[in-house]
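# Descriptive structure summary
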Amino acid sequence: MVMTGIFDREDGRARHASPELIGRGWESARLDSLLERSRLVTVVGLGGVGKSALAADAVERVGRTGTTVVAVDMAGFNGVEQVFHAVGRSSSEALLLVDNCDRLPGPAAAALSRLLEARPGLRVLITSRRRLGAADETVLPLAPMQLNDAVSLLELRARQLGTPLPDNEEARVTAGRICLRLDCLPLALGLAAGRLPDRGPRELLARLSERGGPLGLSGVGTDIPGRHRTLRHCHGWSHELCVAQERLLWARLSAFGGTFTRTAAERVCEDEQLSRPEIATAVDGLVGQGLLEHVNERPELLRMPRTVQDYGAEWLTRLGEETRLLERVLMWSRGLL
Ligand SMILES: Nc1ncnc2c1ncn2[C@@H]1O[C@H](COP(=O)(O)OP(=O)(O)OP(=O)(O)O)[C@@H](O)[C@H]1O
Ligand SMILES: [Mg+2]
């Protein structure tokens, strides 16, 4: 059976149409053009940043041109058999969406390379928190939303929940501050909007401003995947994908409280557990997952999104390293390291 449209992974039922995207005009256009030029495109970025939403939207456009589209959601799978199964059912000219491919980038890369060789009419779109590492993979890193779009999304979700934000300047400023506190992450904005009926924007902002405040925001609904129930689950999923050095560095870098240079990261975080070369590699690994961002595209200057920092800070406390790291950051800032 040839399938067109987007299909549910288990029973082949048509899934609901992708929800309308807010913003992302530039990213959508970029993805369309990459899909025309490359047979293997991977959208990568932080958990909840909107990779699956962007991909579903692009795939729907391709489907409307009459091309066969097959989608497989890998979130619950640890093997590549699902991919072969899905491809086996597609026609010779097809676009395959392999969504949420986080858990098996290595094996998936090898399997997809073989598939692409065997099926010249096949194109593949992946979403994953990190790149696959396949030879001819084109990577589209997806950053958090623009602030204006994030505010529009929060307003939309508030309206949908029957508690529209007040139409005044103060409410708009508060909404903007909520979005910034939540790194303009669409997942977090949806979770936060769920609290607006009880709390209202000002009280919500006050709660979020507390240390670690955003991590416990929880969503309701049985169709929410486990990793999207709270931001703690969301970043925890990334934490599990990290290697040991990346996890330790993530915790330690949270002590900077925002922006820092690579050199500062190396000097402050190095010890017998984590050497400078290991730190350099781990920084690249964290950047690759969107857990660190370059500031103004300067390779030396790095920033950790605030909710990622919240998550790292919890680990730093758990590791018993908080006081030591805060002291080291202070010493660095005074030129003593
Ligand atoms: N541009 C957008 N406009 C409206 N809603 C969005 C947008 N981007 C994402 N969302 C919503 O935000 C939530 C998280 O998005 P999505 O599932 O695409 O994130 P993701 O990056 O794929 O996360 P993960 O890494 O966990 O798979 C979803 O409910 C999605 O519908
Ligand atoms: Mg996804």
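Above this text you will find the structure in question.
Residues numbered from 1 in each chain as written. Chains lettered and ligands numbered in written order. Predicted model: local features only at pLDDT ≥ 70, side-chain atom pairs only at ≥ 80, totals over all residues. Heavy atoms only, no water.

### Here we look at the site of ligand 1
The immediate surroundings of ligand 1 are formed by 22 residues, with Lys 51, Ala 53, Asn 100, Arg 129 and His 228 found nearest. At a separation of 2.9 Å, a nitrogen atom of ligand 1 approaches a polar backbone atom of Ile 22. Arg 129 places a polar side-chain atom, nitrogen or oxygen, 2.7 Å from an oxygen atom of ligand 1. Burial of ligand 1 by the protein chains amounts to 88% of its free accessible area of 630 Å². Where the shell around ligand 1 is concerned, the elements lending two or more residues are helix 2 (51-64), helix 5 (147-160) and helix 7 (186-193). No other element matches the three residues that helix 2 contributes to the shell around ligand 1. Along the lines of polarity and charge, the residues of the shell around ligand 1 split into 10 nonpolar, six polar and six charged. (Near = heavy atom within 4 Å. Polar contact = N/O pair within 3.5 Å; in protein donor to acceptor, adjacent residues only side chain to side chain. Areas by Shrake-Rupley, 256 points an atom, 1.4 Å probe, with all protein chains shown as cover. Helix = DSSP H or I, 4+ residues; strand = E, 2+ residues; numbered from the N terminus. Nonpolar A, V, L, I, M, F, W, Y, C, P; charged D, E, K, R; others polar.)

### So, the packing of aromatic side chains
A complete count under the given rule lists two aromatic pairs for this structure. Note on Phe 256 and Phe 260: the rings are 4.6 Å apart at their centroids and 25° apart in plane angle, and the pair reads as stacked. Residue Phe 256 is classed as buried on the basis of its relative accessible area, which comes to 14%. One residue, Arg 227, lies across the ring of Trp 237, its end atom 5.4 Å from the ring centre. (Phe/Tyr/Trp six-rings, centres within 6.5 Å; stacked < 30°, edge-to-face > 60°. Buried < 20%, exposed > 50% of the residue type's maximum accessible area, 1.4 Å probe, protein only. Lys NZ or Arg CZ within 6 Å of the ring centre and 35° of its normal.)

### A closer look at the sheet that holds strand 6 (residues 259-261)
Strands sit in the order 6-8-7 across an open sheet of three strands; the sheet is antiparallel. Each edge of the open sheet carries a strand with a single partner, namely strand 6 and strand 7 (293-295). Ignoring which end each strand starts from, the neighbouring axes of this sheet average 50° apart. Sheet topology note: the strand 7/strand 8 (residues 298-303) ladder contains three bridges and is antiparallel. By the bridge assignment, Glu 293 is partnered in strand 8 with Arg 303. (Pairing = 2+ DSSP bridges. Axes fitted to C-alpha atoms, helices over the stretch in contact; angles between N-to-C directions.)

### Regarding the coordination of the magnesium ion (ligand 2)
Taken together, the protein ligands of the magnesium ion (ligand 2) are Ser 52 (OG) and Asn 100 (OD1), with distances of 2.1 Å. Taken together, the residues Ser 52 in helix 2 and Asn 100 in the loop between strand 3 (94-99) and helix 4 (105-118) connect sequence positions 48 residues apart. For Ser 52, a relative accessible area of 23% translates into the label partly exposed. (Donors = N, O, S within 2.8 Å, 3.2 Å for Na, K, Ca; no water.)

### Brief notes about the pattern of salt bridges
A full pass over the atoms with the stated rule returns 22 salt bridges. Note that Arg 252 and Glu 321 form a salt bridge whose closest N and O atoms lie 2.8 Å from each other. One end of the pair, Arg 252, is in helix 10 (residues 244-253); the other, Glu 321, is in the loop between helix 13 (306-318) and helix 14 (322-333), with 69 residues separating them in the sequence. The shortest N-O distance in the salt bridge between Glu 270 and Arg 276 comes to 3.0 Å. Given the relative accessible area of 26%, Glu 270 is considered partly exposed. The exposure class of Arg 276 is partly exposed, given its relative accessible area of 32%. The network of salt bridges with shared partners includes Arg 252, Asp 271, Glu 321 and Arg 324. (Salt bridge = Lys/Arg side-chain N within 4 Å of Asp/Glu carboxyl O.)

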